[in-house]
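For reference, the chains in residue letters:
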Amino acid sequence: MHASADAPIAGLAAAWQLVDHRSTAATADPLVLDCAHRLAADPAGERAAEWVYGLLSMTRYLATRAGDATAGQVAEALRTAARALDGPPCGHRTHPCESALEQLDFDELLLTGSAPDVVLLGNGTPTGADPEWQEPGTKEEYRCPHAVAGFARIAAEIIAPGTPEGIPERVPHHHEDAIDDLASVLHGYPRGGVEPAYEVTAGTGLPAQPTTGALAGHLVLLHAACWEAASGTIRPRWVLDDMIGTLEDALRALEGATCSHGDGAHPELSGDPETDAGTGYHLLTPGGRARLQRSYEDGFADAPPAAWTCRAHLRALAHETLGPLTTARDRFFGERRTEYLDAECLRPDGTWDAARLAGVLRSAAEGEERTEDLGLWAGRRFVRGPGAAHERLVLFLTVCHSLDRAYPDPPPSVYRELRPVLESAVAAAPETCPHGDAHPGAGAGLPGGAGEHLAHLFAPESFPAPKGAREPDAWACPRNLAPLAEEWLQWCDTWDEAAEDGYGEDDD
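Residues numbered from 1 in each chain as written. Predicted model: local features only at pLDDT ≥ 70, side-chain atom pairs only at ≥ 80, totals over all residues. Heavy atoms only, no water.

A. Layout of the overall build of the chain. Across its full length, the chain holds 25 helices and 0 strands. A globule of 508 residues ought to have a C-alpha radius of gyration of about 23 Å, yet the chain, at 32 Å, is considerably larger. Dimensions along the principal axes, computed over C-alpha positions, put the chain at roughly 100 × 45 × 40 Å. Here the chain holds 508 residues, and the buried ones make up 53% of them. For the chain, restricting intrachain contacts to residue pairs at least 6 apart in sequence, the fraction spanning at least 24 positions comes to 75%. Positive and negative side-chain charges in the chain, numbering 39 and 79 respectively, have mean positions lying 3 Å apart. (Helix = DSSP H or I, 4+ residues; strand = E, 2+ residues; numbered from the N terminus. Rg over C-alpha atoms; globule rule 2.2 N^0.38 Å. Buried < 20%, exposed > 50% of the residue type's maximum accessible area, 1.4 Å probe, protein only. Contact = heavy atoms within 4.5 Å. Lys, Arg positive; Asp, Glu negative; His and termini not counted. Charge placed at Lys NZ, Arg CZ, Asp CG, Glu CD.)

As structure tokens, this is what we get:
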């Protein structure tokens, strides 16, 4: 519907209410451009408030669906009107635009609901005598040039972000606490009552129709948290699934984004948890971007909002964040391939070689993915065939050593597959044995490195006995193996609880 130039405000307002993210350009552009032209014709006139609030009510379309030319033209008309409406201070202690900014959550498009009913605004009935007026402020406050200018700047910033000058530096009340909460998790010392899994996924709450500002804030939050999420210290699979899903949604929204910026013109996250968490949360709202702009001008921020809201930059940032998270999900929950270790642990003809395995085990590094794969390789060979008693002992202890070396904890893709190996060693152990208290466990408590002790046990002809070496029968004793297996099975249960308890089901 396209209202004529002389249509009464009620007809215009009714048409504006039909414009949203589902509207087509053919339907919406005539309405938004008509309203923008009216505002541009008299930016500080008596009816400027009606046109500003009309455009604010149609911002959901302008920020998510309109073409660049239409959006740019409307944003310019709004900013021109804001400058024209600026004037001497008024007598109002606060304005509705300020409280609207403070009451936001993650979706700045909720600000479109802050536009008052322009028909009631101009009906001449005082606020107290108008039972239909339901806005949080008085009509006088909404008609105040400073309030109209504030809403004009807010609407323009949502439509074409990066120029937040003049917008009140008001952010949602809980955002500052959220910044501190996320920073504490990224520092490795969560504040009391903070749940790390929920903090690192703060960026996953992307609205269904994201503005460029929303994309910027959520992508910075996801990037800031991705290394913590990919480290394995946070166990539930849904953390990685939700982060990856949000990034994929963002990439679809940013498909084809380009820019004219040169190399090095796009900002990078600082690596400081407080700074990066603050950048992410402040990018989410117009008031936050105004605060970020002032921080940049004061020398406390490395880049202004305009640099962060470049859509081509955001597309690159999403790709950069997606890679580590996808790799981590594959590592923690995907199918692990271990065939490459055959060439290192077996003879060229594929037959058993304890000395070669011992050499690989000696080089096993704490927290290394290859060490996890070594445990899986040994566990799979253990399960596949009977083998000689010494070979099975070697494979079992290799499994236990890989669990010892895992950091921070072995992922579900590892420990869940190793459970049958551990369960095979749980048996009734004799009350006494010739070794007394000289059982070596998996070697972690012996003098020197466990890898040296295990290597000597595996292939004594190739590796000399380290100080404190135990006899082979002490390693193979059921009173050594059964408690070792039971301890690791208990840890498996603990890790499963950490992956599931309190977070919902964790997919296998």
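After that view of the structure, there is still more to cover.
B. Expanded view of the packing of helix 13 (residues 237–253) against helix 17 (residues 311–333). Viewed as axis vectors pointing N to C, helix 13 and helix 17 meet at an angle of 150°, and their least axial separation amounts to 9 Å. When the interaxial angle is binned, helix 13 and helix 17 end up roughly antiparallel. Crossing handedness for the pair helix 13 and helix 17: left-handed. Along the contact surface, helix 13 presents Arg237, Leu240, Asp241, Met243, Ile244, Leu247, Leu251 and Ala253, while helix 17 presents Arg311, Arg315, Ala318, His319, Thr321, Leu322, Leu325, Thr326, Ala328, Arg329, Phe332 and Phe333. Here the contact of helix 13 with helix 17 is composed, by residue class, of 12 nonpolar, 3 polar and 5 charged. (Axes fitted to C-alpha atoms, helices over the stretch in contact; angles between N-to-C directions. Parallel < 35°, antiparallel > 145°, perpendicular 65-115°, else oblique. Left-handed = near helix turned anticlockwise from the far one by under 90°. Nonpolar A, V, L, I, M, F, W, Y, C, P; charged D, E, K, R; others polar.)

C. Structural view of the layout of surface pockets. If you add up the space inside the largest pocket, you get close to 640 Å³. As for the largest pocket, its lining consists of 25 residues, of which Ala63, Asp68, Ile159, Thr212 and Arg311 are closest to the centre. Secondary-structure elements contributing two or more residues to the lining of the largest pocket are helix 4 (59–64), helix 5 (68–85), helix 9 (145–159), helix 12 (212–230) and helix 17. A class-by-class count of the residues in the lining of the largest pocket yields 14 nonpolar, 8 polar and 3 charged. Counting only domains with at least three residues in the lining of the largest pocket, you end up with domain 1 (9–159) and domain 2 (173–333). (1 Å grid on protein atoms, 1.4 Å probe; cavity = no way out; pocket = protein on both sides within 12 Å on 5 of 7 lines; lining within 4 Å. Points joined across faces, edges and corners; volume = space filled by probe spheres on them. Domains from an automatic or database assignment.)

D. Layout of the nonpolar core. With 58 residues, the main nonpolar core has Trp16, Tyr53 and Leu78 as its most contacted residues. Listed by contribution, the elements that provide at least two residues to this core are helix 1 (9–16), helix 2 (25–41), helix 3 (48–57), helix 4, helix 5, helix 6 (96–102), helix 7 (118–121) and helix 9. The element best represented in this core is helix 9, accounting for 10 residues. Among the nonpolar cores identified, the runner-up in size contains 49 residues, and Ala178, Ala197, Ile234 and Ile244 belong to it. (Core = buried A, V, L, I, M, F, W, Y, C linked by side-chain atoms within 4.5 Å.)

E. The arrangement of the pattern of salt bridges in detail. All told, the structure shown has 31 salt bridges when counted by the stated rule. A salt bridge links Asp241 to Arg329, with the nearest nitrogen and oxygen atoms 2.8 Å apart. With a gap of 88 residues between them, Asp241 in helix 13 and Arg329 in helix 17 connect regions that are remote in the sequence. On the accessibility criterion, Asp241 (22% relative accessible area) is partly exposed. Among the ionic pairs, Asp249 bridges to Arg252, the shortest N-O distance being 2.3 Å. Here Asp249 pairs with Arg252, and both are found in helix 13, just 3 residues apart, close to one helical turn. (Salt bridge = Lys/Arg side-chain N within 4 Å of Asp/Glu carboxyl O.)

F. Spotlight on the side chain of Thr212. In this fold, Thr212 is placed in helix 12. Assessed through its relative accessible area of 10%, Thr212 is described here as buried. Here the side chain of Thr212 touches Arg311 through a polar contact of 2.7 Å, side chain to side chain. (Polar contact = N/O pair within 3.5 Å; in protein donor to acceptor, adjacent residues only side chain to side chain.)

G. Inspection of empty space enclosed by the protein at higher detail. The final tally for this structure, using the stated rule, is 2 cavities of 30 Å³ or more. When its volume is computed, the largest cavity comes out at roughly 50 Å³. What lines the largest cavity is Ala229, Gly232, Ile234, Arg235, Pro236, Leu240, Phe332, Phe333 and Pro412. Of the residues in the lining of the largest cavity, the class split is 7 nonpolar, 1 polar and 1 charged. As a volume, the second largest cavity reaches approximately 30 Å³. Considering each element in turn, the lining of the second largest cavity owes the most residues, 3 residues, to helix 23 (residues 450–458).

H. Representation of the environment of Trp308. Considering the arrangement of structural elements, one finds Trp308 in helix 16 (residues 305–308). Owing to a relative accessible area of 5%, Trp308 belongs among the buried residues under this scheme. The spatial distance from the C-alpha of Trp308 to the C-alpha of His266 is 7.4 Å, given a sequence separation of 42 residues. Not counting residues up to four positions away in its chain, the partners in contact with Trp308 are Ala216, Val220, Pro267, Glu268, Leu269, Thr279, Leu283, Leu292, Ala303, His313 and Leu314.

I. Fine view of the side chain of His401. Mapped onto the elements of the fold, His401 is located in helix 21 (residues 389–405). In contact with His401, other than residues within four places in its own chain, are Leu361, Ala364, Ala450, Gly451 and Leu454.

J. Quick look at the domain arrangement of the chain. According to the domain assignment, the chain contains domain 1 (9–159), domain 2 (173–333) and domain 3 (340–501). The straight-line distance from the C-alpha centre of domain 1 to that of domain 2 is 30 Å. Between domain 1 and domain 2, the residue contacts involve 16 residues of the former and 18 residues of the latter. Taken together, the two surfaces of domain 1 and domain 2 that pack against each other cover about 1,400 Å², and 58% of this comes from carbon and sulfur. Among the residues domain 1 hides against domain 2, the three largest losses belong to Phe106, Glu108 and Glu157. Together they make up 44% of the total. Between domain 1 and domain 2 we count 6 residue pairs in polar contact (both at pLDDT 80 or more) in total. (Buried area = accessible area lost by both parts, 1.4 Å probe.)

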